[in-house]
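Descriptive structure summary
One letter stands for each residue in the lines below.
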Amino acid sequence: MAMFHVVVQRSGPEWRADKPLEEQTGWEGHAAFMDDLVERGFMVLGGPLGDERRVVYAVEAESEQAVRETLAQDPWSGTHLVVDAVELWTIRLRGR
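Our subject in this report is the structure included herewith. Please read these numbers as outputs of a predicted model, since none were measured by experiment.

Thresholds, definitions, all that
- Residues numbered from 1 in each chain as written.
- Predicted model: local features only at pLDDT ≥ 70, side-chain atom pairs only at ≥ 80, totals over all residues.
- Heavy atoms only, no water.
- Salt bridge = Lys/Arg side-chain N within 4 Å of Asp/Glu carboxyl O.
- Helix = DSSP H or I, 4+ residues; strand = E, 2+ residues; numbered from the N terminus.
- Buried < 20%, exposed > 50% of the residue type's maximum accessible area, 1.4 Å probe, protein only.
- Expected span 1.5 Å × (residues − 1).
- Arc of directions from axis to C-beta.
- Contact = heavy atoms within 4.5 Å.
- Pairing = 2+ DSSP bridges.
- Axes fitted to C-alpha atoms, helices over the stretch in contact; angles between N-to-C directions.

**Observations regarding the pattern of salt bridges**
- For the structure shown, the criterion picks out five salt bridges.
- For the salt bridge of aspartate 84 with arginine 10, the shortest nitrogen-to-oxygen distance reads 3.0 Å. Linking aspartate 84 in strand S4 (residues 81-89) with arginine 10 in strand S1 (residues 3-11), this pair joins segments that are 74 residues apart in sequence.

Listed below in structure tokens is the structure:
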């Protein structure tokens, strides 16, 4: 049974804070990968936090291992983004 998880990623060693997201090296590959995750239903919500150094995703997956294995395929994995945490998320409120 699929479950929801919250993922927190932070900037990796190749992230350039002086450049916008779309000007980072490998942007096209990362964007295509993320778009595919949305189309497949894995990625539910996602985006950067206010500090622009961390990203949070809500994903639907069978396990933490499945989340980590999926995100490890991102062209930015380990270079521009590093997984800090994957937590199981019990949703108790839904407004939409």
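**Remarks on the environment of glutamate 52**
- Within the secondary structure layout, glutamate 52 lies in the loop between strand S2 (43-48) and strand S3 (54-61).
- A residue is classified by how much of its surface remains accessible, and glutamate 52, at 51% relative accessible area, is exposed.
- Between the alpha carbons of glutamate 52 and glutamate 14 there is a distance of 15 Å; along the sequence they are 38 residues apart.

**Quick notes on helix H1 (residues 27-40)**
- Counted at 1.5 Å a residue, the expected span for H1 with its 14 residues is 20 Å, and the 20 Å between its end C-alpha atoms agrees.
- Residues of H1 that are buried include every one of Trp27, His30, Ala31, Phe33, Met34 and Leu37, and no others. In an axial view of H1, the angular spread of the buried residues amounts to 160°, which keeps them on one side of the axis. Residues of H1 that are exposed and angled more than 90 degrees away from the buried face: Glu28, Glu39 and Arg40.
- Where H1 is buried, its residues meet S2, S3, helix H2 (64-71) and S4.
- Immediately downstream of H1, the backbone of glycine 41 shows phi near 85°, a positive value.

**Structural notes on the sheet that holds S4**
- Taken in spatial order, the four strands of this open sheet run S2-S3-S1-S4, and their pairing is antiparallel. Sheet topology places S2 and S4 at the edges, where each strand pairs with a single neighbour. Going from strand to strand, the sheet's axes swing by 15° on average, the running direction of each strand aside.
- Across eight bridges, the pairing between S1 and S3 is antiparallel. Its bridge partner lying in S3, valine 8 is registered against valine 56.
- Those strands touched by H1 are S2, S3 and S4, and its axis lies near 145° from that of S2.
- Sheet contacts for H2: S1, S3 and S4; angle to S4, the most-contacted strand, approximately 155°.

The analysis is restricted to geometry; functional conclusions fall outside its scope.
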